[in-house]
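Observations on the three-dimensional arrangement
The chain contents come next:
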Amino acid sequence: MVANIPEHLRIMAGRIRELGVKPELEVFELGHIEFARKLIDEGLIETPAMFQLCLGIPYTAPATPEVLAVMRGRLPESANWSAFGISRQEFDMVALSCAQNGNCRVGLEDNLYLDKGVFATNVQLVERAVKIIRDTGREPAMPARAAERLGIVRRS
C-alpha cells in the first residue's frame, strides 16, 4: 500500500503538468475531490480536469445512485468525469453514469465476470457497456471524439 501525503501529490502534479500529460484523477471519496479542487486552484492541475469516480471498493464510497450524485455534484463545473463500480456493480454504474451525462469505465481490472459465475473478457465487458449506453439513448465516443471531449492533444 502506498500512502501519498499532500506535498508528494503536489510534487507529482507539478511534474505531470511540466511533462504535458493529462492526468486521470481517481477519487475514492469526497475528500479526494476536495484535494483535487485545491490542486486545480493552485494551478497544479489544468482544467478541464478528468475525474474517475471509483465506487464500490471496500471501505470507500459505495456504488449507489445517491453517492454517485453527491460525488458528481462536488466536481468542478468544467470537469470531465467517468465512474465505475467494481464487480457486480459495474453495469449499474454504466447506466447511472449515462443517466447523469457522464462517462463510464469497464474492464477486467474492476470486474472479472460477465454474469454470475461466467468469466468475462474485456471485449465482452465493453460490448455489454455499449449496449447499455445505446439503451440509454446515447452513443459511445470513438477515440477521436473521446480525445476531443477530454481536451487531449496529440503530440508528435
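Before reading further, recall that the structure is shown in the block above.
This report concerns the structure included in the present document. (Residues numbered from 1 in each chain as written. Predicted model: local features only at pLDDT ≥ 70, side-chain atom pairs only at ≥ 80, totals over all residues. Heavy atoms only, no water.)

In strand S1 (residues 24–27), alternate side chains face the same way, and those of Leu25 and Val27 are buried while those of Glu24 and Glu26 on the opposite face are not. One crossover worth recording links S1 to the parallel strand S2 (residues 50–55) by way of helix H2 (residues 30–41), and it is right-handed. (Buried < 20%, exposed > 50% of the residue type's maximum accessible area, 1.4 Å probe, protein only. Helix = DSSP H or I, 4+ residues; strand = E, 2+ residues; numbered from the N terminus. Right-handed = clockwise from strand over helix to strand, strands pointing away.)

So, on to the pairing of S2. With respect to burial, S2 is a largely interior element, 6 of its 6 residues being buried. In S2, alternate side chains face the same way, and those of Met50, Gln52 and Cys54 on one face and Phe51, Leu53 and Leu55 on the other are all buried. Two strands pair when backbone bridges link them, and S1 and S2 are joined in this way by 4 bridges, in the parallel orientation. Paired with leucine 25 across the strands is phenylalanine 51, a residue of S2. Once the chain exits S2 it traverses helix H3 (residues 65–74) before rejoining the sheet at strand S3 (residues 80–85), and the crossover so formed is right-handed. (Pairing = 2+ DSSP bridges.)

The geometry of H2 relative to H3 is characterised by a closest axis approach of 10 Å and an angle of 10° between their N-to-C directions. Regarding the angle of H2 to H3, the classification is roughly parallel. Where H2 abuts H3, its residues Leu30, Ile33, Glu34 and Arg37 lie against Val70, Met71 and Arg74. Looking at the contact of H2 with H3, its residues break down into 4 nonpolar, no polar and 3 charged. (Axes fitted to C-alpha atoms, helices over the stretch in contact; angles between N-to-C directions. Parallel < 35°, antiparallel > 145°, perpendicular 65-115°, else oblique. Contact = heavy atoms within 4.5 Å. Nonpolar A, V, L, I, M, F, W, Y, C, P; charged D, E, K, R; others polar.)

Quick look at the nonpolar core now. Among the nonpolar cores identified, the biggest contains 22 residues, and Phe51, Leu53 and Leu55 are the most heavily contacted of them. For this core, the elements supplying multiple residues, two or more each, are S1, H2, S2, H3 and S3. In terms of residue count, the dominant contributor to this core is H2 (5 residues). With residues up to four places along the chain from it excluded, the contact list for leucine 53 reads Val27, Ile33, Leu68, Met71, Arg72, Leu75, Trp81, Ser82, Ala83 and Phe84. In this structure, Phe91, Leu125, Ile132 and Ile133 belong to the second largest nonpolar core, which totals 9 residues. (Core = buried A, V, L, I, M, F, W, Y, C linked by side-chain atoms within 4.5 Å.)

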